[in-house]
Amino acid sequence: MKTQNKKIESYFSHESLGGIELSKEEIKTAFLEKLFYGIGRIPSVATTNDFYTALALTVRDQVFKRYVRSLEEYAELDSRGIAYLSAEYLPGPHLGNNLLNLEITEETREALAELDIDLEALLEQEVEPGLGNGGLGRLASCYLDSMATLGIPSIGYGIRYEFGIFNQTLKEGWQAEVTDKWLHYGNPWEVVRPEIAFEVRFGGRTEHGKNEDGTLKVTWTPDSEVKGTAYDTPILGYNSNGIVMRLWKAEAIDSFDFSAYNMGDYYRAVEKKMRSENITKVLYPNDENLSGKELRLKQQYFFVCCSLQDIIRLHLMQGRKLNTLSEKFSIQLNDTHPSIAVPELMRLLVDEHDMEWEEAWHVTRHTFAYTNHTLLPEALEKWSVHLLGRLLPRHMEIIYEINRRFLNELREKHYTGEQIARMSIIDERGEQSVRMAHLATVGSFKVNGVSRLHSRLLKSQVLNDFADLWPSQFTNITNGVAHRRFLAVSNPGLAELISEKIGKQWLTDLPQLKGLEKYADDVDFRERWMQVKLQNKIGLARHIKERTGVELDPSMLFDVHVKRIHEYKRQHLKVLHILSLYLRLKNGKGEGISPTAFIFGGKAAPGYFMAKRIIKLITSVAELVNNDKEVQDRLKVVFLPNFSVKQAQRVYPAADLSEQISMAGKEASGTGNMKFALNGALTIGTLDGANVEIREEVGEENFFLFGLNTEEVQTKKASGYHPYRIYDRNEELQEVIDFLISGELENGNTEIFRPVHDNLLQQDPYLLLEDYQSYIEKMEEIHEVWRSPVKWAKMSILNVARMGKFSSDRSIHEYAEEIWKVEPVKVQLSK
Ligand code: GPU
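Residues numbered from 1 in each chain as written. Predicted model: local features only at pLDDT ≥ 70, side-chain atom pairs only at ≥ 80, totals over all residues.

As recorded by an unreviewed UniProt entry, the protein carries the name Alpha-1,4 glucan phosphorylase and is attributed to Salinimicrobium flavum. What UniProt records for the protein under Cofactor (unreviewed entry) is the sentence "pyridoxal 5'-phosphate". Per UniProt, the comment on the protein under Sequence similarities (unreviewed entry) is "Belongs to the glycogen phosphorylase family." (UniProt positions renumbered as here; feature names shortened; annotations may be inferred.)

> Help me understand the overall build of the protein, please; the structure alone is not making it clear to me.
Of the regular secondary structure elements, the protein holds 34 helices and 22 strands. For 831 residues, the compact-globule estimate of 2.2 N^0.38 gives 28 Å, and the C-alpha radius of gyration of the protein, at 28 Å, lies within 12% of that figure. Projecting the C-alpha coordinates of the protein onto the three principal axes gives extents of approximately 90 × 75 × 55 Å. The buried share among the 831 residues of the protein stands at 49%. (Helix = DSSP H or I, 4+ residues; strand = E, 2+ residues; numbered from the N terminus. Rg over C-alpha atoms; globule rule 2.2 N^0.38 Å. Buried ≥ 20, exposed ≤ 12 C-beta atoms within 10 Å, placed from the backbone.)

> Could you clarify how one ought to interpret the sheet that holds strand S17 (residues 557-562) in this entry?
Strand pairing in a sheet relies on backbone hydrogen bonds. The paired strands run either parallel or antiparallel. Spatial ordering of the open sheet is given by S19-S18-S17-S20-S21-S22, a layout of six strands whose pairing is parallel. Here the strands that pair on one side only, and so sit at the sheet edges, are strand S19 (635-639) and strand S22 (704-705). Bridge count for strand S20 (residues 657-660) against strand S21 (residues 682-685) is four bridges, and the pairing is parallel. What sits directly across from Leu657, in S21, is Leu682. (Pairing = 2+ DSSP bridges.)

> Would you mind showing me how to read the site of the ligand here?
Lining the immediate surroundings of the ligand are 19 residues, of which Gly135, Leu136, His373, Thr374 and Ser669 lie closest. Of the residues belonging to the shell around the ligand, the class tally is five nonpolar, ten polar and four charged. Residues lining the shell around the ligand come from more than one domain, with at least three contributed by each of domain 2 (78-92 + 128-478 + 815-820) and domain 3 (497-706 + 770-806). (Near = placed C-beta within 6 Å. Nonpolar A, V, L, I, M, F, W, Y, C, P; charged D, E, K, R; others polar. Domains from an automatic or database assignment.)

> In this structure, what is going on with the sheet that holds strand S14 (residues 433-435)? I would like to understand it.
Strand order in this open sheet of three strands is S12-S14-S13, and the pairing throughout is antiparallel. Among the strands making up the open sheet, the edge pair consists of strand S12 (382-384) and strand S13 (426-427).

> Sorry if this is basic, but what is going on with unusual backbone geometry here?
Even without a glycine there, the phi angle at Asn642 is positive, about 60°. Looking at Asn642, the number of C-beta atoms within 10 Å reads 20, which means it is buried. If you check the backbone angles, Asp764 has positive phi at about 45° while not being a glycine. Positionally, Asp764 belongs in the loop between helix H31 (754-762) and helix H32 (768-786). Given 21 C-beta atoms within a 10 Å radius, Asp764 is considered buried.

> For this particular structure, what's the right way to read the environment of Arg365?
Among the secondary structure elements, Arg365 is positioned in helix H13 (residues 357-367). Residue class for Arg365 comes out partly exposed when judged on the 17 C-beta atoms lying within 10 Å of it. Separated by 202 residues in sequence, Arg365 and Phe163 have C-alpha atoms that sit 35 Å apart. With near-sequence residues (within four places) excluded, Arg365 lies in contact with Gly443 and Phe445. (Contact = placed C-beta atoms within 7 Å.)

> Where do I start with the domain arrangement of the protein in this structure?
Bring the parts together and some accessible area is lost; that lost area is often taken as the interface size. Segmentation of the protein into domains returns domain 1 (18-77 + 93-127), domain 2 (78-92 + 128-478 + 815-820) and domain 3 (497-706 + 770-806). Taking only C-alpha atoms, the centre of domain 1 and the centre of domain 3 are 35 Å apart.

> Mind showing me how you'd approach the pairing of strand S11 (residues 368-371) here?
Side chains of S11 alternate between two faces, with Phe368 and Tyr370 and Ala369 and Thr371 buried alike. Here strand S10 (residues 329-334) runs beside S11; their pairing, made up of four bridges, is parallel. Paired with Asn334 across the bridge in S11 is Thr371. The pairing of S11 with strand S15 (residues 446-449) spans three bridges and is classified as parallel. Note on S15: the bridge partner recorded for Thr371 is Asn448.

> Honestly, the packing of helix H12 (residues 341-352) against helix H15 (residues 393-412) in this entry has me stumped. Any pointers?
Two quantities define a packed helix pair, namely the angle between the helix axes and the distance between the axes. At a minimum axis separation of 9 Å, H12 and H15 run at an interaxial angle of 100°. Viewed along their axes, H12 and H15 adopt a mutual orientation that is roughly perpendicular. Here Pro343, Glu344, Met346 and Arg347 of H12 lie close against H15, whose contacting residues are Arg394, His395, Ile398, Ile399 and Ile402. Taken together, the residues of the contact of H12 with H15 sort by class into five nonpolar, one polar and three charged. (Axes fitted to C-alpha atoms, helices over the stretch in contact; angles between N-to-C directions. Parallel < 35°, antiparallel > 145°, perpendicular 65-115°, else oblique.)

> Hey, could you run me through helix H18 (residues 452-462) in this one?
It helps to recall that an α-helix has 3.6 residues per turn; residues three or four apart then point in one direction. Residues Leu453, His454, Ser455, Leu457, Leu458, Lys459 and Val462 constitute the buried set of H18. Of the surrounding secondary structure, the elements contacted by the buried residues of H18 are S15, helix H19 (464-469), strand S16 (474-476), helix H27 (691-698) and helix H28 (710-718).

> Explanation requested: the environment of Tyr37 in the structure shown.
Structurally, Tyr37 is set in helix H2 (residues 24-38). For Tyr37, a count of 11 C-beta atoms within 10 Å puts it in the exposed group. Along the sequence, Tyr37 and Glu630 sit 593 residues apart, while their C-alpha atoms lie 60 Å from each other.

> Please clarify how the packing of H2 against helix H5 (residues 105-113) should be interpreted in this entry.
With their axes 8 Å apart at the nearest point, H2 and H5 run at an angle of 60° to one another. By the angle class used here, H2 and H5 are oblique. Between H2 and H5 lies a crossing of right-handed hand. Contacts from Lys24, Ile27, Lys28 and Phe31 of H2 reach H5 at Glu107, Thr108, Glu110 and Ala111. A breakdown of the residues in the contact of H2 with H5 according to their chemical character gives three nonpolar, one polar and four charged. (Left-handed = near helix turned anticlockwise from the far one by under 90°.)

> What am I meant to see in the pairing of strand S1 (residues 81-85) here?
A regular strand carries its side chains on alternate faces of the sheet. The buried fraction of S1 amounts to five of the five residues, a majority that puts the element mostly inside the structure. The side-chain alternation of S1 yields two buried faces, one formed by Gly81, Ala83 and Leu85 and the other by Ile82 and Tyr84. Across four bridges, the pairing between S1 and strand S2 (residues 154-159) is parallel. Considered in S2, the bridge of Leu85 is made with Tyr157.

> What should I look at first to understand H15 in this one?
In this model, H15 (20 residues) spans 29 Å end to end at C-alpha, consistent with the 28 Å of a helix rising 1.5 Å per residue. Those residues of H15 that fall on the buried side of the exposure criterion are Arg394, His395, Met396, Ile398, Ile399 and Ile402. The first or second residue beyond H15 is His414, which carries a positive phi of 65°. (Expected span 1.5 Å × (residues − 1).)

> Mind showing me how you'd approach the confidence of the model for the protein here?
If pLDDT is low for a region, its predicted coordinates should not be looked at in detail. Summing up the model confidence of the protein, the mean pLDDT is 94 and the portion of residues at 70 or higher is 95%. Scored as a complex, the prediction yields pTM 0.97 and ipTM 0.98. (pLDDT = per-residue confidence, 0-100.)

> Explanation requested: the nonpolar core in the structure shown.
Across soluble globular proteins, nonpolar side chains have a tendency to be buried as a group. Core analysis: the largest hydrophobic core is formed by 233 residues, its most contacted members being Ala341 and Val621. When near neighbours in sequence (up to four residues on either side) are disregarded, Val621 contacts Val575, Ile578, Leu579, Val637 and Leu745. (Core = buried A, V, L, I, M, F, W, Y, C linked by C-beta atoms within 7 Å.)

> So what exactly am I meant to see when it comes to the environment of Ser326 here?
Relative to the helices and strands, Ser326 resides in helix H11 (residues 325-328). Overall, the presence of 17 C-beta atoms within 10 Å leaves Ser326 in the partly exposed class. Between the alpha carbons of Ser326 and Asp688 there is a distance of 35 Å; along the sequence they are 362 residues apart. With residues up to four places along the chain from it excluded, the contact list for Ser326 reads Val363, His366 and Thr367.

Structure representation (structure tokens):
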């Protein structure tokens, strides 16, 4: 680090900054100092939030110490760097994870205990940044964790939404959305970098002129401009230095005050400022289905534009030429949300840095790699040519030019008109639109899916023409999860038991869990294993009682379905199952039913009619079942509101059964499935997404499989699917479906769930009725296994022991090796 100040430099590299080990006494002193000087409080008036903030600031100092040192080392090593571009991140609470990464959890707990402060209460105080919707955003955060731990020089770029994903509450059983104010109490984990700021332009027109040497010169005269300022959050790895998550906030450009003064029109200028800031106001709460929203496109371009300018700045700062960009950087596109980066990099290179088109295209196509996260046709991003052309006129021209050259290539290869129309970046059917997945594919050197099945379907269906054209461009990287957060931090009881048997190596080498296999037959170990689970269930039951008033008996089977609410994920199939059990009990036919607590959680997109109705259905069934004396100790149903990373960390460790019941071919991977199994839950699932690989790893005898597979689904649909015929032939199913409109669920109201009822009988696009019987029968088998605690415990232990593959460390290793060609550099921690 060039401080140009020898004294500061020597202080910085000297032990005077302290080593990496912190004693209990040092933590205590630092904490008290933060309380006084950091936030100006005396203990007698300090609130829990003050204590939390003081502790966060204490920990932050240590985080920054490591982060700054890793910056220095990465700069010296001069190795390849990775920019991860993602419109969403879901980091979860920082405090607990940072304590683990610094290895000071116990010292901190003791230091605080000596001050009569409970660490758990402070952990509880943190409001998490909800800067994502679900799986995709959480995956991005898992990947930053692993990149930091493995020592991959990288930056995670994104958007600093002022309001993240809404908070979910229930009103009479319906979802109600409440604005998320995660920044309300300030954010001790970030630091603003006012000197790292870039201008972003929108609208206007382009002019095609000539340079002095006669070459073409395009100038873009925008009609509005905003500034993006960097907000940095260091992300530590385990026992290693950190990387940064750099989020951009939109602000009015600096000339704002000046022009206001000149115009003498203060209010108009203020309005302009507010309009600028709108860009990063709020996260769009839709999951996998957004189109036509101008502000959303603005958000995408805004963060991509800032990030690319920053990358180019970093590259040039090291004295390099732009034509070597791809040698020094790989830029990973997290789905198509940042894919406007392809024409933007072209624009920067050609228009702003005077590079020839061919050379610029070579650089671009060797810099980007694209991860696809969905096959759902309605979720493949498209932007209308009209909207894109109005907002980003120069980019639209560049996209046309990229497409013109690409289609020429196809013509040279004698592609048919039909094939060309299919592969074109511009969809000419109906209103002209830009197919962002095609743009990302054409502009990248690698395209990957997120599970083996998903990657196969990507190659054989959604992008098959491209896979035929460029077979070696396609690959698979199966998702993984940050096992430190989702096991070590959130399930300390199990983590401790594991470490006692096999040591702590698994923290950085998850396949070590294999060592647990031999304890599956150890009576004492099995008992302790189930004891940990029971304690976790008691904890979750307490939490659920506080939040919902519903009391769960922790000895019940905890059968859990948590994830975004979406028809393809089939929460309503679970509801049909619950109703079948309820009706059996009412009809005196409930012998085979083990006492079960059904736990649901998840947000629905505010405009998604069916998903919201499914939430209402769940809460209505909960009301009915929980208040029926006849089934009281046999069945309980809860909808735990506001599922988030924080909630998730409570739920996974307490689950016995994990529901992964999407219709085969629809879930790209799933990552909740991994988090459950890692915490000893058994899975009931279809052959969808990563379920396939989980089953392969844990062994088919330790996985409850049901339902049609992808090929069978497709055959069924192609041959004409008639849900009514299935209904007609299955008496129990008839009873269950009829019950939806019987009025018994909602005080005689027969209409409220009719849309669900009609949809299932008339279309049933996700084949609930088709898979119903298979699901019911598999659940019967599960209830039987549950009645044999020894068998259950063995299966649970074997599941955990065989989950080694699903760490995000493994995924990132694969990205590094296969896509980025970057060597992890394990940075030495200064002692
Ligand atoms: N996913 Br596309 C999202 O959460 N949001 C999106 O906008 C898109 C995909 C999910 C997939 O549904 C899930 O199967 C996958 O595990 C996850 O991305 C991470 O790859």
